[in-house]
Amino acid sequence: METGIRRRLPARWIGVPTWAKVALAGYAAGFLEGAGSHVAQIAGGGVHTYDGVRWPSQVLYYSLVLWDSLAVCLALRARPAVVPLGVAIMTLDLASNWYYNGSAIRADPGLFWAPVGLLPMSLFGLFVAVTAVPLWRVVRRRASVGSTPDIG
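Residues numbered from 1 in each chain as written. Predicted model: local features only at pLDDT ≥ 70, side-chain atom pairs only at ≥ 80, totals over all residues. Heavy atoms only, no water.

**Student:** Sorry, what's going on with the overall build of the protein chain here?
**Tutor:** A count of helices and strands for the protein chain gives five helices and zero strands. Reading the protein chain from its N terminus to its C terminus gives the helix and strand order α-α-α-α-α. Long-range pairs, those at least 24 residues apart, make up 68% of the contacts in the protein chain between residues at least 6 apart in sequence. For the protein chain, the accessible surface area stands at approximately 9100 Å², while carbon and sulfur atoms represent 68% of it. (Helix = DSSP H or I, 4+ residues; strand = E, 2+ residues; numbered from the N terminus. Contact = heavy atoms within 4.5 Å. Areas by Shrake-Rupley, 256 points an atom, 1.4 Å probe, with all protein chains shown as cover.)

As structure tokens, then:
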């Protein structure tokens, strides 16, 4: 009879290398923070929170509540789709944030180092980019070798 944490892990997590488990947990934590950040901004500023940006970025920022939440769920279930979704989210989010905040950072470089500035977001984007290919290989292989569905 198996005991301990191995027994409580979903079938998709069993046999996944430790580094990949850490990466998936990092994806889940990072995207959870992103979803929470957008929810907090929307709750604090209402429907006009993102009025200072053009409509494509407004659509992106509002939709990130959904996309970030989906990425959290996919990461926790070790689904292969989390990797391309994570890369797409971070590419669009970073590009938009750097576009709208780049001039302010050039004017005051100290803003980049702010605890909630672009530094943490950029570091998480770098983490997603660096882990994307190896993580994709691991979770895709796990999905294709007949892993049992997560039940219960």
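**Student:** Please clarify how the layout of surface pockets should be interpreted in this entry.
**Tutor:** Gaps between atoms show up when a probe of the same size as a water molecule is rolled over them. Counted as a void, the largest pocket has a volume near 630 Å³. Lining the largest pocket are 25 residues, and of these Glu33, Ser37, Val116, Gly117 and Met121 sit closest to its centre. Secondary-structure elements contributing two or more residues to the lining of the largest pocket are helix H2 (18–45), helix H3 (55–76), helix H4 (82–107) and helix H5 (118–144). Looking at the lining of the largest pocket, its residues break down into 14 nonpolar, eight polar and three charged. (1 Å grid on protein atoms, 1.4 Å probe; cavity = no way out; pocket = protein on both sides within 12 Å on 5 of 7 lines; lining within 4 Å. Points joined across faces, edges and corners; volume = space filled by probe spheres on them. Nonpolar A, V, L, I, M, F, W, Y, C, P; charged D, E, K, R; others polar.)

**Student:** Looking at this structure, I do not really get unusual backbone geometry. What am I missing?
**Tutor:** Apart from glycine, the bulk of residues carry a negative phi angle, and the bulk of peptide bonds sit in the trans form. Backbone geometry places Ala78, a non-glycine residue, at a positive phi of 55°. Of note, Ala78 is situated in the loop between H3 and H4. Judged by relative accessible area, which is 3%, Ala78 ranks as buried. (Buried < 20%, exposed > 50% of the residue type's maximum accessible area, 1.4 Å probe, protein only.)

**Student:** Explain a nonpolar patch on the surface here, please?
**Tutor:** On the surface, Leu66, Trp67 and Leu70 cluster together to form a nonpolar patch covering roughly 290 Å² of accessible area. Tracing the chain through its elements places Trp67 in helix H3. (Patch = residues over 30% accessible without salt bridge, like charges linked within 9 Å, V, L, I, M, F, W, Y side chains within 5 Å. Salt bridge = Lys/Arg side-chain N within 4 Å of Asp/Glu carboxyl O.)

**Student:** Could you clarify how one ought to interpret the nonpolar core in this entry?
**Tutor:** One finds Leu24, Tyr27, Phe31, Val82, Ile89, Met90 and Leu135 to be the most contacted residues of the largest nonpolar core, which totals 30 residues. Of all the elements in the fold, those that place two or more residues in this core are H2, H3, H4 and H5. Top contributing element to this core by residue count: H3, with seven residues. Discounting residues that sit within four places of it in the chain, Tyr27 has contacts with Ala75, Val82, Val83, Phe124, Phe127, Val128, Thr131, Ala132 and Leu135. (Core = buried A, V, L, I, M, F, W, Y, C linked by side-chain atoms within 4.5 Å.)

**Student:** Mind showing me how you'd approach the packing of aromatic side chains here?
**Tutor:** Aromatic rings in a pair are described by how distant their centres are and how their planes are angled relative to each other. Going through the model one piece at a time under the given rule, you end up with seven aromatic pairs. Relative to Tyr62, the ring of Tyr50 has its centre 5.0 Å away and its plane inclined at 80°; by these criteria the two rings are edge-to-face. Remark: Tyr62 occurs in helix H3 and Tyr50 occurs in the loop between H2 and H3; sequence separation between them is twelve residues. When the centroid spacing of 4.9 Å and the interplanar angle of 90° are considered together, the rings of Tyr99 and Tyr100 count as edge-to-face. (Phe/Tyr/Trp six-rings, centres within 6.5 Å; stacked < 30°, edge-to-face > 60°.)

**Student:** I tried to follow H4 on my own but got confused; where do I start?
**Tutor:** Every α-helix winds through 3.6 residues per turn, so residues three or four apart in the chain are directed the same way. Helix length check: H4 (26 residues) gives 36 Å between terminal C-alpha atoms against 38 Å at 1.5 Å per residue, within 8%. Turning to H4, its buried residues number three or more, namely Val82, Val83, Leu85, Gly86, Ile89, Met90, Asp93, Leu94, Ser96, Asn97, Gly102 and Ile105. (Expected span 1.5 Å × (residues − 1).)

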